[in-house]
Amino acid sequence: ETEYEADELQGMRVSELKKLAEQHGVPTQDCFSKEDIVDKLLLVPAQPQPGTAQGPAAATSERTTARSDAAVREELKGLTIRQLRTKIFEAGLSSKGFVEKQ
């Protein structure tokens, strides 16, 4: 579950999206379009409601199972640049300096 809805974000100005991203600690230096910022903000997890349990057990249940390097490479080859940037962001990394997909 994410904090924002796509329609809600699409209706905002780029300056508003950047301010929102800053509030959530979401880097936008590698965003080249409004859609890039929206994609990143759609990954912001929903704030836990008071009284709900969030912790290592919840995080562990959401992780995917380990796969071989070859299987992961094959999956990544089929992704678009935007999808790759999203995966990089989800991993907590920066795509700054990345130039092309091989």
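Residues numbered from 1 in each chain as written. Predicted model: local features only at pLDDT ≥ 70, side-chain atom pairs only at ≥ 80, totals over all residues. Heavy atoms only, no water.

Visitor: Would you take a moment to explain the overall build of the protein chain for this structure?
Guide: Within the protein chain, the regular secondary structure consists of six helices and zero strands. Each helix and strand of the protein chain, ordered N terminal to C terminal, gives the series α-α-α-α-α-α. Relative to its 102 residues, the protein chain shows a buried fraction of 22%. Taking contacts inside the protein chain between residues at least 6 apart in sequence as the whole, the part at least 24 apart equals 50%. When the accessible surface of the protein chain is split by element, carbon and sulfur atoms take 52% of a total near 7,800 Å². (Helix = DSSP H or I, 4+ residues; strand = E, 2+ residues; numbered from the N terminus. Buried < 20%, exposed > 50% of the residue type's maximum accessible area, 1.4 Å probe, protein only. Contact = heavy atoms within 4.5 Å. Areas by Shrake-Rupley, 256 points an atom, 1.4 Å probe, with all protein chains shown as cover.)

Visitor: Before we go on, may I ask you to explain a negative patch on the surface in this structure?
Guide: A cluster of acidic side chains, namely Glu3, Glu5, Asp7 and Glu8, defines a negative patch on the protein surface. Positionally, Glu3 belongs in the segment before α1 (6–10). The exposure class of Glu3 is partly exposed, given its relative accessible area of 31%. (Patch = residues over 30% accessible without salt bridge, like charges linked within 9 Å, V, L, I, M, F, W, Y side chains within 5 Å. Salt bridge = Lys/Arg side-chain N within 4 Å of Asp/Glu carboxyl O. Lys, Arg positive; Asp, Glu negative; His and termini not counted. Charge placed at Lys NZ, Arg CZ, Asp CG, Glu CD.)

Visitor: Mind showing me how you'd approach the nonpolar core here?
Guide: Counting 13 residues, the largest nonpolar core has Leu9, Met12, Leu17, Leu20, Val26, Ile37 and Leu41 as the members making the most contacts within it. Looking at this core, the elements that each hand over two or more residues are α2 (14–23) and α3 (34–41). In contact with Leu9, other than residues within four places in its own chain, are Tyr4, Leu17, Leu20, Lys34, Val38, Leu41 and Leu42. (Core = buried A, V, L, I, M, F, W, Y, C linked by side-chain atoms within 4.5 Å.)

Visitor: What is the right way to look at helix α6 (residues 81–90) in this model?
Guide: Within an α-helix, residues lying three or four positions from one another point in the same direction, as the helix has 3.6 residues per turn. Of the positions making up α6, those classed as buried are Leu84, Thr86, Ile88 and Phe89. A positive backbone phi angle near 80 degrees is found at Gly92, which sits one or two residues after α6.

Visitor: Explain the side chain of Lys40 to me, please; I cannot follow it from the model alone.
Guide: Mapped onto the fold, Lys40 is located in helix α3. Residue Lys40 is classed as buried on the basis of its relative accessible area of 7%. At 2.8 Å, the side chain of Lys40 forms a polar contact with the backbone oxygen of Pro27. Sequence-distant contacts of Lys40, that is, excluding residues within four places in its chain, are made with Val26, Pro27, Asp30, Cys31 and Phe89. (Polar contact = N/O pair within 3.5 Å; in protein donor to acceptor, adjacent residues only side chain to side chain.)

Visitor: In this structure, what is going on with α3? I would like to understand it.
Guide: For α3, every residue scored as buried is listed here: Asp36, Ile37, Val38, Lys40 and Leu41. At its buried positions, α3 is contacted by α1, α2 and α6.

Visitor: What is the right way to read the environment of Leu93 from this model?
Guide: The topology assignment puts Leu93 in the segment after α6. Relative accessible area serves as the criterion here: at 55%, Leu93 is assigned to the exposed category. Note: C-alpha distance between Leu93 and Pro27 (66 residues apart in sequence) is 9.9 Å.

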